[in-house]
Protein chains: 2
Amino acid sequence: MPDPPLLLAARRRPTPFTPVWLMRQAGRYLPEYRALRARHAFLELAKTPQTAAEVTLQPVERLGVDAAILFADILLIVEPLGVGLEFAKGEGPVIHRPVRSEADVARLAPVDVASAVGFVFETVRLVKRALPLRVPLIGFAGAPFTVASYVVEGGPSRDYLATKRLMREAPNAWHRLMTLLADATAAYLNGQIAAGAAVVQLFDSWVGALAPDDYRAFVLPHTRAVIAALTPGTPVIHFGTGTAGLLPLLREAGGDVIGLDWRVDLDAGWRAVGEDVGVQGNLDPVALLSPPETFEPAVRSILRRAAGRPGHIFNLGHGVLESTPVEHVKALVDMVHELSAR
Amino acid sequence: MPDPPLLLAARRRPTPFTPVWLMRQAGRYLPEYRALRARHAFLELAKTPQTAAEVTLQPVERLGVDAAILFADILLIVEPLGVGLEFAKGEGPVIHRPVRSEADVARLAPVDVASAVGFVFETVRLVKRALPLRVPLIGFAGAPFTVASYVVEGGPSRDYLATKRLMREAPNAWHRLMTLLADATAAYLNGQIAAGAAVVQLFDSWVGALAPDDYRAFVLPHTRAVIAALTPGTPVIHFGTGTAGLLPLLREAGGDVIGLDWRVDLDAGWRAVGEDVGVQGNLDPVALLSPPETFEPAVRSILRRAAGRPGHIFNLGHGVLESTPVEHVKALVDMVHELSAR
């Protein structure tokens with residue numbers, strides 16, 4: 001049996017069609033997910049291997065995607081730091097004791113990854129056993145900057161004022177925090193790989209808030225340390241949004257495949273990261289709210305810009321939006337397969 | 001007397017130092033502005049030429065900037081459309097009757113610019129009379145996309161779901177709305193120029209939310225129409241944020257100077273728009289929250305990337321944040337003048 005198309009593409013080998021999966025393909029737009037969430041709190045779902053595996057598997061058959069993505073949250077790894085993580089109803093994550101100073105960083109508890117997030121590794125094992133062979137499982141973690149931004153701001157942010165102030169006003173504290181997160185993240189991803197993840201994605205979702213010089217000084221060394229510490233042989237997807245001006249630096253930090261959001265033409269983005277890595281993307285998630293005939297031109301444009309060159313994994317530029325009709329998502333997956341069949 | 005440095009730079013002529021002004025230099029971070037706002041509602045301030053002129057002039061002497069920017073709001077032009085514009089306390093603008101369909105667009109009242117925003121032209125005349133000769137006045141308007149996004153969403157937005165759906169699902173309605181806004185905007189800016197604005201800036205602040213293909217199809221023709229209709233001889237600054245992947249298209253739409261936010265290196269951004277136009281930018285506004293010694297390296301980096309080439313206007317990548325200490329802003333202006341003196 002040949003390697004699954006997603007693994008071939010991640011290694012820039014030819015594939016019979018362009019493989020496709022969607023960020024947040026397991027999530028709130030799916031009625032079967034909402035049914036589970038009606039009975040279980042978010043953290044309970046994520047921390048119970050049986051339910052987390054069920055959520056991971058829900059979209060795979062229904063959509064015909066070429067990969068499963070682990071159901072988890074990028075902040076699970078910060079819970080053991082003792083910062084008071086809570087998933088407040090309808091408000092997203094809240095961190096009750098944000099880290100804003102040298103002293104705050106010194107107080108952080110060390111993370112024993114095996115005991116802190118062992119339930120994630122168990123979920124990976126359950127999913128791996130249940131998946132068809134042609135569908136690899138993608139493990140993931142938040143990249144140090146994006147995770148640090150929640151830890152410093154205390155939740156989601158628009159302008160990252162506290163995060164950027166910590167960088168500039170207490171650079172030693174910042175680098176200690178980032179080093180601690182990078183170490184935990186590498187161990188976390190290696191644990192997922194050991195348990196059966198065939199690919200891992202590093203989500204630096206909010207890194208596009210930074211000036212390139214700040215990325216270079218305050219982020220790049222830490223992201224590079226995570227990627228360099230990963231078990232060799234497992235492809236790494238390095239993803240961010242709003243990164244059109246940062247792409248050469250993301251590539252410098254590492255990854256076999258660089259994620260492109262929708263705010264850059266796929267061919268321009270691929271040139272910016274270099275054609276000796278793969279790219280993933282890059283349809284605007286909002287496109288899926290409208291009927292398939294309205295997003296078909298954008299899908300064709302993305303495939304045309306990829307020019308049939310090995311190394312393209314089709315995806316949205318960010319996660320599926322909650323109000324997306326399931327049938328539009330299914331239509332997208334079929335459309336990518338049909339239009340790219342070689 | 002030679003032309004003011006800002007005008008020279010806008011025409012890519014050599015200047016004795018790099019001219020600098022700041023978006024939102026007249027605004028909430030200034031105690032004298034907050035004192036006025038304590039006595040007057042926002043719209044009352046903006047609509048009364050005496051107070052609007054006072055606010056426009058407040059930062060000029062205090063900071064030593066090289067331009068004044070008209071105190072107004074990009075949504076003043078939509079009030080006469082009859083969409084129910086309100087500046088709700090602490091919430092930003094609210095539009096009570098958002099435009100979401102062909103029928104909604106058909107219902108819009110035509111805008112008689114001279115009578116609808118005559119108070120703005122009077123403000124321009126008052127400011128022009130009060131300003132020293134070395135300080136030109138910059139007039140401004142919102143670009144059609146950014147103004148349309150408020151009109152369609154009903155206020156500020158994160159994902160622009162309704163705006164993007166209108167584009168894709170009712171393209172005729174979208175183009176009619178954009179044509180109407182483009183016509184009003186050109187007349188509005190020409191009125192400001194006739195009253196004494198020496199430069200105008202078109203704010204397409206939120207256009208960075210779009211994929212390049214969508215910009216090309218749904219926005220570029222309308223922005224180009226505005227710029228092409230402006231009184232010849234007045235330099236035009238064309239500004240947006242999050243536009244690193246859109247820069248060649250912004251330039252194609254027009255403008256003598258293209259605004260760069262902080263998320264792209266100034267030299268890379270200048271290459272992307274072409275060295276036969278000027279650039280404005282591009283310090284991260286958050287940098288000004290920390291002491292001057294922490295932002296000096298970033299200021300030096302921006303000036304180094306501009307390489308002394310005529311056509312650079314120093315600015316932030318977006319507006320001054322409310323929590324910015326005034327003395328940091330003053331230090332920035334002095335720093336730019338000193339470090340760039342030729």
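Reading guide: rules and limits
Residues numbered from 1 in each chain as written. Chains lettered and ligands numbered in written order. Predicted model: local features only at pLDDT ≥ 70, side-chain atom pairs only at ≥ 80, totals over all residues. Helix = DSSP H or I, 4+ residues; strand = E, 2+ residues; numbered from the N terminus. Buried ≥ 20, exposed ≤ 12 C-beta atoms within 10 Å, placed from the backbone. Contact = placed C-beta atoms within 7 Å. Pairing = 2+ DSSP bridges. Least-squares fit on C-alpha atoms with pLDDT ≥ 70 in both. Nonpolar A, V, L, I, M, F, W, Y, C, P; charged D, E, K, R; others polar. Core = buried A, V, L, I, M, F, W, Y, C linked by C-beta atoms within 7 Å. Axes fitted to C-alpha atoms, helices over the stretch in contact; angles between N-to-C directions. Parallel < 35°, antiparallel > 145°, perpendicular 65-115°, else oblique. Left-handed = near helix turned anticlockwise from the far one by under 90°. pLDDT = per-residue confidence, 0-100. Expected span 1.5 Å × (residues − 1). Arc of directions from axis to C-beta.

**Observations regarding the overall build of chain A**
Scanning chain A for helices and strands turns up 16 helices and nine strands. Expressed as lengths along the three principal axes of its C-alpha atoms, the size of chain A is roughly 55 × 45 × 35 Å. Looking at chain A as a whole, 54% of its 342 residues are labelled buried. A separation threshold of at least 6 residues defines the contact pool for chain A, and within that pool the share at least 24 residues apart is 72%.

**Let's talk about unusual backbone geometry**
Residue A:N282 is bonded to the preceding A:G281 through a cis peptide linkage, with omega at -5°. With respect to the secondary-structure elements, A:N282 resides in strand 8 (residues 278-283). We note that A:A307 has phi near 55°; this positive angle belongs to a residue other than glycine. Summarising the element assignment, A:A307 is placed in the loop between helix 15 (292-306) and strand 9 (312-316). The phi torsion at B:R24 lies on the positive side, around 60°, for a residue other than glycine. As for its position among the elements, B:R24 is in the loop between helix 1 (5-10) and helix 2 (31-39). Residue classification places B:R24 among the buried positions, given that 20 C-beta atoms sit within 10 Å.

**Details of the sheet that holds strand 4 (residues 137-142) of chain B**
Note on sheets: strands pair through backbone hydrogen bonds, and any given pair is parallel or antiparallel. Residue and element names in this part refer to chain B. Here seven strands make up an open sheet; going across it, the order is 1-4-5-6-7-8-9 and the pairing parallel. With one partner strand each, in any of the chains shown, strand 1 (68-69) and strand 9 (312-316) form the two edges of the open sheet. Note: strand 6 (residues 236-240) against strand 7 (residues 257-259), two bridges, orientation parallel. Each bridged residue has a counterpart across the sheet, and for I237 the counterpart in strand 7 is V257.

**What to know about the relation of the copies chain B and chain A**
When chain B is fitted onto chain A, the two copies agree to an RMSD of 0.0 Å after a turn of 180° and an axial shift of 0.0 Å. With respect to symmetry, the two chain copies, as superposed, fit the operation of a two-fold axis. Ranked by how close their C-alpha atoms come to the rotation axis, the residues of chain B are headed by B:A244, at 2.7 Å. A high fraction, 100%, of the interface residues of chain B reappear at the interface in chain A, so the copies pair face to face through one surface.

**Structural notes on the interface of chain B and chain A**
Taken together, the contact between chain B and chain A spans 27 residues of the former and 27 residues of the latter. Secondary structure elements with two or more residues in the side of chain B that touches chain A: helix 9 (161-169), helix 11 (212-218) and helix 15 (292-306) of chain B. Tallying contributions element by element places helix 9 of chain B first for the side of chain B that touches chain A, with five residues. A class-by-class count of the residues in the side of chain B that touches chain A yields twelve nonpolar, six polar and nine charged.

**What about the nonpolar core?**
Counting residues in hydrophobic clusters, the biggest one holds 248 residues, and the most contacted among them are A:I138, A:A197, B:L70, B:I138 and B:A197. Sequence-distant contacts of B:L70, defined by excluding residues within four places in its chain, comprise B:T56, B:T123, B:V124, B:V127, B:L137, B:I138, B:G139, B:F140 and B:A197.

**Some thoughts on the packing of helix 4 (residues 49-63) of chain A against helix 7 (residues 118-130) of chain A**
All names here are of chain A. Axis separation between helix 4 and helix 7 bottoms out at 8 Å; the angle between their running directions is 50°. Taken together, the axis directions place helix 4 and helix 7 in an arrangement best described as oblique. Regarding helix 4 and helix 7, the two cross each other, and that crossing is right-handed. For the pair helix 4 and helix 7, the contacting residues are P49, Q50, A52, A53, T56 and L57 in the first and F119, E122, T123, L126, V127 and A130 in the second. Looking at the contact of helix 4 with helix 7 residue by residue, the class counts come to eight nonpolar, three polar and one charged.

**Concerning the environment of B:T48**
Residue placement: B:T48 occurs in the loop between helix 3 (42-47) and helix 4 (49-63). As for B:T48 and B:F119, which are separated by 71 residues in sequence, their C-alpha atoms are 6.8 Å apart.

**Remarks on the sheet that holds strand 9 of chain A**
Residues and elements named next belong to chain A. Strand order in the open sheet made by the seven strands is 1-4-5-6-7-8-9, with parallel pairing throughout. The two strands at the open ends of the sheet, each matched to only one other strand, are strand 1 (68-69) and strand 9. The sheet contact formed by strand 7 (residues 257-259) and strand 8 spans three bridges and is parallel. Considered in strand 8, the bridge of I258 is made with V279. Sheet strands in contact with helix 10 (residues 171-195) are strand 4 (137-142) and strand 5 (199-204), and its direction is about 170° off that of strand 4.

**Re the confidence of the model for chain A**
Confidence along chain A averages 96 in pLDDT terms, with 100% of residues attaining 70 or more. This complex was scored by the predictor with a pTM of 0.97 and an ipTM of 0.96.

**Topic: helix 16 (residues 326-340) of chain B**
Residue pairs spaced three or four apart in an α-helix point in one direction, given the helix's 3.6 residues per turn. All names here are of chain B. Its 15 residues place the ends of helix 16 22 Å apart at the C-alpha level, agreeing with the 21 Å of an ideal helix rising 1.5 Å per residue. Within helix 16, the full set of buried residues consists of V329, L332, V333, V336 and S340. Down the axis of helix 16, the buried side of the element spans an arc of 95°, and every buried residue falls inside it. Of the residues in helix 16, the exposed ones pointing more than 90 degrees away from the buried face are E327 and E338. Residues of helix 16 that are buried make contact with helix 4, helix 15 and strand 9.

**Quick notes on helix 4 of chain B**
Residues and elements named next belong to chain B. If you check helix 4, its first and last C-alpha atoms are 22 Å apart, about what 15 residues at 1.5 Å a residue would give, namely 21 Å. For helix 4, the set of buried residues is A52, A53, E54, V55, T56, Q58, P59, V60 and L63. Looking at the buried positions of helix 4, the neighbouring elements they touch are helix 2, helix 3, strand 1, helix 7 (118-130) and helix 16.

**Thoughts on the environment of A:M178**
Residues and elements named next belong to chain A. Here M178 is to be found in helix 10. For M178 and H222, which are 44 residues apart along the polypeptide, the C-alpha to C-alpha distance reads 6.4 Å. Not counting chain neighbours up to four residues away, the residues in contact with M178 comprise P144, A148 and H222.

**Focus: the pairing of strand 4 of chain A**
Side-chain direction in a regular strand flips from residue to residue, so the side chains alternate between the two faces of the sheet. Residue and element names in this part refer to chain A. Among the six residues in strand 4, six count as buried, and that is most of the element. Pairing geometry for strand 1 and strand 4, over two bridges, is parallel. The partner of A68 across the bridge, within strand 4, is L137. Taken together, the five bridges between strand 4 and strand 5 define a ladder with parallel strand orientation. Its bridge partner being in strand 5, G139 is matched across the sheet by V200.

**Examining the packing of helix 2 (residues 31-39) of chain A against helix 4 of chain A**
Residues and elements named next belong to chain A. Here helix 2 crosses helix 4 at 165°, and the two axes come no closer than 10 Å. With respect to their mutual orientation, helix 2 and helix 4 come out roughly antiparallel. In this structure, helix 2 meets helix 4 at a crossing whose hand is left-handed. Each of E32, Y33 and L36 in helix 2 lies in contact with helix 4, whose residues at this interface are T51, V55 and Q58. The residue inventory of the contact of helix 2 with helix 4, partitioned by class, reads three nonpolar, two polar and one charged.

**Overview of the environment of B:A116**
All names here are of chain B. Mapped onto the fold, A116 is located in helix 6 (residues 113-116). A residue is classified by how many C-beta atoms lie within 10 Å of it, and A116, with 20 of them, is buried. Between the C-alpha atom of A116 and that of A287, which follows or precedes it by 171 residues, the distance is 38 Å.

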